[in-house]
Each structure stands twice: as C-alpha cells, then as structure tokens.
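Below, each chain spelled out in residue letters.
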Amino acid sequence: MKYLITDLNIKLDGHRFGFMNNLLHYAGENFVSDEFILLTNKSSDFDLKSTYSHVRTLSVSETEQTIIDSDVSPLKKAKLEWEIILKYAIEFNTERVILMFLDSYQAEIGKSKTPFKISGIWFAPYSRMEAEGNSISQKIKLFLTKTRKKLTMAWALRNPSLDKVFILNDEEMPTWLNGSIKRFFTLPDPYFEYASIPDYNLRKQYKIAEGNLIFLQFGYIDERKNIENILLTFNSLPQEISKKTTLLVIGKIKPGLKERLLELKKSDYQMVLREEFVSDEEMESSFAQSDVILRMNVNFFGSSGIIGVAAQHNKPVIASDTGVMAEIVTKYGLGKIVNPYDMKEI
C-alpha cells in the first residue's frame, strides 16, 4: 500500500517534528512491504532523512513554500495547502493520505472527492471545551465555538474517504462522537525516548543551588502556558521557601513576553530563562534532573506530550484541571491538578 504522510507546517516549537521522525522510523522498521512518502514544508530548522528504501522524504518546492508562507486568511491558506497535498498524492498514486494536523483541512476535505482514503490527527476537538468563566458572554462564546467546530467536522465527514479521525489520548471522546459508522479513534500520544547527555549537571549548567527545588516549565512559552499566573504565584511564596526555589523556563518565548516576565518577578526565588529550543538529549537530561514539571495551560482541553516525558522520568506534574490531560494525571497518579487561574490552588 502507498501512503503519503504530511505536515506542511513543522516548526521546532512542539511535537510535530518528533511525530514525523518517529513515524519515519516506525514505518521503516515495521512495514517493509508498504511504500511511504513523508512530505513536509521546506525549512533550514530541521532535516528529515530516511535510510529505508521503502520510506522517502520530500519537502515542497521553493514556489510551494512561498505559497505556504503567504499572508492570507486561514481558510485560503488551508485551500492552497490542500491543493499541494492533492498534487503529491495523485502524482505518487497514493492510496491513503495521513494528515498529521487534520484540523486545518476539514473544509477542503468536505468539498473534495478523493481517489484515496484520508486519516489524520484532530488536535482541537470540541467535546471537552469549557467556558473560561461564568459570564453570559463567555458562555455564548463557548456555544458558538463548539457549534462551529461541530459543523466543520460534520462537513468534513461528508467525504466518505475520511474514515479515520484520531484523537490523542482521549479514550472517551470517540465513543461520544461515533455514530453507526466508526470513524473516530483514540491515538496514544507517543513518547519519544532519547538518550540523556552523559555527566550532564543541570544545577551546574544554570547555577542552581544544591538545596533548591527545581520547577521546570518546558516548551514554547506564550500566554496560553499561563506563565504570568505562575510567576505571580511564585511571588507569593513565603520568603523561607522562595529562597530555596528555582523556576527554570526552557524554550522559545513569544516576542515581547520575556520583558513582561522580568517585570513580574518580585520575590527571592531564582528564575532562569533559557530562551531557545534545546536538543532532545538535553530535554531528557533536564526532565531527569528537575523536581517538578509544570503544565498549567489555560483554555486547553487536550493532551500534552510533556506529561509523558515527566512520567518516563518519574517526575510529578502540576497540571490544569480541565480536559483529558487532567484525567490522565488523576487516573495514573502523575501529580496534582489545579485551577490554572487560581493562584491559591497553584
């Protein structure tokens, strides 16, 4: 069977390169009788290479990358990208297209007739969404958002070729969504196991005192990661605890937010900002030598690969009390869940 696996928007700010790289090796080692094309955007930030004869990696052309980078509306961008995917799928006589980020292409799938089957990961389903507050306006906003998402997926499912929609880690949602035909499935969030750096010393690297408790916030940092409430909470720690506490932030920070974080820090705790993406090996080493992992996202109802990395290293997490992430943390005793807006709970 011929597969086209594609993600045209890979950036080194999350899981997406890891997903593709993991699939490359899994397909290479386990499906030798099939043929795979892995299609990505063109970027100098990553290099996806295959050593398997039946797995081929491709990046789009310069012209196509210009189209992907064009400053157009999300719907127009999805249409242009879907045309690129169709071109490669037809050129290689693909029998199944696997979309590593299905969400963007629902409208295009619904109005397409495709000679191949389609499956993909749906990262932002609507069933677990909750209002951010109790006001009428917030409840109306939630209703409109859920209705839009429900209708958009219903439109995509008009295309019978879309026969497998994967939802990360959520064991309940496929049951809620499936009708007489089973098209929604749970997909366990993969854990990518990397080697640690030999003789790596996190405390020495960041000049952290031996007695300090290290709280790690890892990944791309923006408002959704709730970093401002986290800092305000650390500011409120009693002085005797604050002096023995380190908040270690590793990852790219949204432009303009770093200055805000430096302004917010008021207490005696140590704050370390490593404003860059680190290697997979350094990520493993950092998790292994931290004490507590933070994942208190706001307005977030899905899963997070950070929970898996923390569990692998037997590190407790403090996570938001919403969505499937909260269920996983509670079910498997991986840490504590809190209201991410409530500094007393944090």
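For the structure itself, look to the data block above.
Summarised in this report is the structure supplied together with it. (Residues numbered from 1 in each chain as written. Predicted model: local features only at pLDDT ≥ 70, side-chain atom pairs only at ≥ 80, totals over all residues. Heavy atoms only, no water.)

1. Considering the sheet that holds strand S4 (residues 96–99)
Sheet strands pair via backbone hydrogen bonds, and the direction of the pair is either parallel or antiparallel. Pairing is parallel in the open sheet, where seven strands are placed in the order S3-S2-S1-S4-S5-S6-S7. This sheet does not close on itself; its edge strands, each paired only once, are strand S3 (55–59) and strand S7 (184–187). Here the strands of the sheet are splayed against their neighbours by 20° on average, with no regard to which way each runs. The pairing of strand S2 (residues 35–40) with S3 spans five bridges and is classified as parallel. Counterpart to Leu38 in the pairing with S3 is Thr57. (Pairing = 2+ DSSP bridges. Helix = DSSP H or I, 4+ residues; strand = E, 2+ residues; numbered from the N terminus. Axes fitted to C-alpha atoms, helices over the stretch in contact; angles between N-to-C directions.)

2. Considerations on the sheet that holds strand S8 (residues 213–218)
Read from one edge to the other, the open sheet built from six strands follows the order S10-S9-S8-S11-S12-S13, with strand pairing classed as parallel. Two strands lie at the open edges of the sheet, namely strand S10 (270–274) and strand S13 (335–338), each paired on one side alone. Across the sheet, the mean angle separating the axes of adjacent strands is 20° when strand polarity is ignored. Sheet strands touched by helix H12 (residues 305–312): S8, strand S11 (292–295) and strand S12 (317–320). Its angle to S11, the strand with the most contacts, is close to 170°. (Contact = heavy atoms within 4.5 Å.)

3. Topic: the environment of Leu334
By the secondary structure assignment, Leu334 is in the loop between helix H13 (323–331) and S13. Along the sequence, Leu334 and Ile318 sit 16 residues apart, while their C-alpha atoms lie 8.7 Å from each other. Ignoring any residue separated from it by four or fewer positions in sequence, one finds Leu334 in contact with Ile307, Ala311, Lys315, Pro316, Val317, Ile328 and Val329.

4. Remarks on the pattern of salt bridges
The full count for this structure, using the stated rule, is 17 salt bridges. Linking Lys111 and Glu108 is a salt bridge whose minimum nitrogen-to-oxygen distance equals 3.3 Å. Judged by its relative accessible area of 9%, Glu108 falls in the buried class. A salt bridge links Arg260 to Glu228, with the nearest nitrogen and oxygen atoms 3.4 Å apart. One end of the pair, Arg260, is in helix H10 (residues 257–264); the other, Glu228, is in helix H8 (residues 227–235), with 32 residues separating them in the sequence. (Salt bridge = Lys/Arg side-chain N within 4 Å of Asp/Glu carboxyl O. Buried < 20%, exposed > 50% of the residue type's maximum accessible area, 1.4 Å probe, protein only.)

5. Re the environment of Gly211
Mapped onto the secondary structure, Gly211 falls in the loop between helix H7 (202–206) and S8. The exposure class of Gly211 is exposed, given its relative accessible area of 65%. The spatial distance from the C-alpha of Gly211 to the C-alpha of Val165 is 47 Å, given a sequence separation of 46 residues. Discounting residues that sit within four places of it in the chain, Gly211 has contacts with Arg203 and Lys244.

6. Quick look at the side chain of Ser285
Summarising the element assignment, Ser285 is placed in helix H11 (residues 280–289). For Ser285, the contacting residues outside a window of four places in its chain are Ser196, Ile197 and Tyr200.

7. Here's the deal with the side chain of Ser267
Tracing the backbone shows Ser267 in the loop between H10 and S10. Engagement of the side chain of Ser267 in a polar contact is seen with the side chain of Ser242, the distance being 3.1 Å. (Polar contact = N/O pair within 3.5 Å; in protein donor to acceptor, adjacent residues only side chain to side chain.)

8. Considerations on the packing of H8 against H10
The contact between H8 and H10 brings their axes to 10 Å, and the two run at 15°. Our classification of the angle between H8 and H10 gives roughly parallel. In the packing of H8 onto H10, the handedness of the crossing is right-handed. Packed against H8, whose contacting residues are Ile227, Glu228, Leu231, Leu232 and Asn235, the element H10 presents Leu257, Arg260, Leu261 and Leu264 at the interface. (Parallel < 35°, antiparallel > 145°, perpendicular 65-115°, else oblique. Left-handed = near helix turned anticlockwise from the far one by under 90°.)

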